[in-house]
Amino acid sequence: MCSLEKRGKVYILTFVGDDEEHRFNPATFDAIFDALKEVEQSPDAAALVTTNAGKYFSNGLDMRWIAENPNELFDIAVEKLEKMFAAFMRLTIPTVAAIRGDALASAFMLVLAHDYRFMTQGCCDLYMYELDHGLYIPDSILALIRSKLQPAALRDVVLASSKLNAQMAFKRGILDGILEDSEGTLEAAVKEAEKLAARGWSREIYGRLRLAAFPGVVEALDTHVPYRLLASFKI
Amino acid sequence: MCSLEKQKNIFILRRTGHGEHRFNPEFMDSIISAIAYVNQNAHQASAIIVTNDGKYFSNGLDLEWMSHDKEIRTQAVGDKFVELLAAVMSLKLPSIAAVCGHACAAGFIFALAHDYRFMRNDRGFLYMSEVDVGMTIPPSVMSVISSKVDSRHLTEVMLGGLKYGAQEALRKGLVDSSHESPDETLGAAINVAVEFGKRKCKGEVYLGLRLGAFPEAAEKLGIRSVSVLPSRL
């Protein structure tokens, strides 16, 4: 599911596993929550890099899991996503996403929940496909998305379901850097994480400042409203 | 005043005639009625393009009309303009402003209320003239501006009194594309609208996502929640 590695004061969380698409289901959610808990409780953790092995960052929710009982499981999935995004937003250390594969739907949302984003050129896309599939995005999660995107980017991502490669995403202010290859992306992310870690910030202050910078986001994510599908949605 | 036609499966709402297309209650009502018709028939269409004849997309509020009975008419125009912005933000399909002339003050804000803005290159500018003519902007109307203008440029747009030609408007993200002439601007808008038609860009989910993306504007413009939203069933 995910592996956790420590390099000095920087933790690196890597999506791995048999499912090369690194999709989110109960097992992967649990693995991610366990990893976050370990990081948060580590006294000398000073930054986190989230990345992926292989071709995909993550294709988002595991639809094979959801398909077993869509009406009930979609709601459970949304609640887990809300908790996951809130957990990342509450981390008391800087977070850097090293996007080295496609990040679809909730995986795109997850990278937005990070403080910094680096992506490999020419390899992959960020794609919030909800509109294309006739799905509404819960208000709680829209609060997160709105907090990290400028108006035109918000319109392109949410209201036009645009598939953004690294150049397009960088042009829209979504990324902090784009790199030529996969190794370069991880290197840049780790370098940024080390730079931030070296600032020696108070973790309590960092966590509280992030919440203050993006007011209302975790409050919205903490409030789960039952999510029901429109009859027209087909898996 | 305004004409509504359908080309392919695209609604085109055109402010007709070569005047300044300034907003007074009667003119705004005609646009609001046209929008209501489009909404009722949104399932048959892929997008709406709002454009203009002549040299002006809109030169703003009809100050001359307001001057005949200042207090009452200012209130009437203000209220109706909020209603107009709410109508545009409540469209059940993608909205494209094909800006083929000057868009000043309320005219600029009206263009901002649309999902996309295409602009002619050869003449005309976007101009938030309020600071120059001595008018303020109420919170309801401001919510549209702050929803659509990149925060890096908000100060300049609101307080700079600048006239943005298409190229500058494009650089600042105020429009999505610029074109050599009104015909090309409309043509480009139609092409984009045809592409929208091939995707799921309409109906409850589209409107819900628009209001979800811009909830402050939805609230300040008094747009009531869409009645069927999956997360609220």
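Here the structure is a predicted model, which is why all the values come from computation and not from measurement.

Enquirer: Requested: an account of the nonpolar core, with residues and values cited.
Expert: Counting 147 residues, the largest nonpolar core has Leu126(A), Ile145(A), Ile174(A) and Phe81(B) as its most contacted members. The dominant element in this core, judged by the number of residues it contributes, is helix H3 (residues 70-90) of chain A, at 10 residues. Ignoring anything within four residues of it in the chain, the contact list for Ile174(A) reads Phe108(A), Leu112(A), Arg117(A), Leu126(A), Leu149(A), Ala153(A), Val157(A), Leu164(A) and Ala169(A). Within the second largest apolar cluster, 15 residues are counted, among which are Val10(A), Ile12(A), Val96(A) and Ala98(A).

Enquirer: Run through the state of the cysteines, naming residues and quoting values.
Expert: Such a bond, covalent and formed between the sulfur atoms of two cysteines, is termed a disulfide. Tallied over the entire structure, the rule returns one disulfide over all chains. In this model Cys123(A) forms its disulfide with Cys124(A); the gap between the sulfur atoms is 2.1 Å. Around the S-S axis, the bridge from Cys123(A) to Cys124(A) shows a dihedral of about 55 degrees and counts as right-handed. Take Cys2(B): it sits in no disulfide, and the sulfur closest to it among the cysteines is that of Cys100(B), at 16 Å.

Enquirer: Can you break down the side chain of Asn52(A) residue by residue, with the values?
Expert: Residues and elements named next belong to chain A. For Asn52, the position within the fold is in strand S3 (residues 47-52). A distance of 3.2 Å separates the side chain of Asn52 from the backbone oxygen of Gly54, its partner in a polar contact. From its side chain, Asn52 meets the backbone oxygen of Tyr56 in a polar contact 3.1 Å long. Setting aside residues up to four positions removed in sequence, Asn52 forms contacts with Thr14, Phe15, His22, Phe57, Ala98, Ile99, Arg100 and Gly101.

Enquirer: Provide a residue-level description of the pattern of salt bridges, including the pertinent values.
Expert: Residues and elements named next belong to chain A. Applying the stated rule across the entire model yields 27 salt bridges over all chains. Between Glu192 and Lys195 there is a salt bridge; the shortest N-O distance is 3.6 Å. Linking Glu192 with Lys195, this pair stays in helix H8 (residues 182-197), spanning three residues, or about one helical turn. A relative accessible area of 16% means that Glu192 is categorised as buried.

Enquirer: Outline the sheet that holds strand S1 (residues 2-7) of chain A, listing residues and values.
Expert: Residue and element names in this part refer to chain A. Spatially, six strands are ordered S1-S2-S3-S5-S7-S10 in an open sheet, and the strand pairing comes out mixed. Here the strands that pair on one side only, and so sit at the sheet edges, are S1 and strand S10 (177-179). Each strand of the sheet is rotated relative to its neighbour by a mean of 20 degrees, with strand direction disregarded. Relative to S3, strand S2 (residues 10-15) runs parallel, the two being bridged by six bridges. Residue pairing for S3: Leu13 is matched across the bridge by Thr50.

Enquirer: I'd like to hear about the interface of chain B and chain A, residue by residue, with values.
Expert: Across the contact, 28 residues belong to chain B and 24 residues belong to chain A. Linking chain B to chain A there are two salt bridges. Asp132(A) is the partner of Arg199(B) in a salt bridge, and the nearest nitrogen-oxygen pair spans 2.9 Å. Within the residue set of the side of chain B that touches chain A, elements represented by two or more residues are helix H6 (139-148) and helix H10 (203-213) of chain B. Counting residues per element, the side of chain B that touches chain A draws most heavily on H10(B), at eight residues. Its residues assigned to classes, the side of chain B that touches chain A comprises 13 nonpolar, six polar and nine charged.

The rules behind these values
Residues numbered from 1 in each chain as written. Chains lettered and ligands numbered in written order. Predicted model: local features only at pLDDT ≥ 70, side-chain atom pairs only at ≥ 80, totals over all residues. Heavy atoms only, no water. Core = buried A, V, L, I, M, F, W, Y, C linked by side-chain atoms within 4.5 Å. Buried < 20%, exposed > 50% of the residue type's maximum accessible area, 1.4 Å probe, protein only. Helix = DSSP H or I, 4+ residues; strand = E, 2+ residues; numbered from the N terminus. Contact = heavy atoms within 4.5 Å. Disulfide = S-S within 2.5 Å. Polar contact = N/O pair within 3.5 Å; in protein donor to acceptor, adjacent residues only side chain to side chain. Salt bridge = Lys/Arg side-chain N within 4 Å of Asp/Glu carboxyl O. Pairing = 2+ DSSP bridges. Axes fitted to C-alpha atoms, helices over the stretch in contact; angles between N-to-C directions. Nonpolar A, V, L, I, M, F, W, Y, C, P; charged D, E, K, R; others polar.

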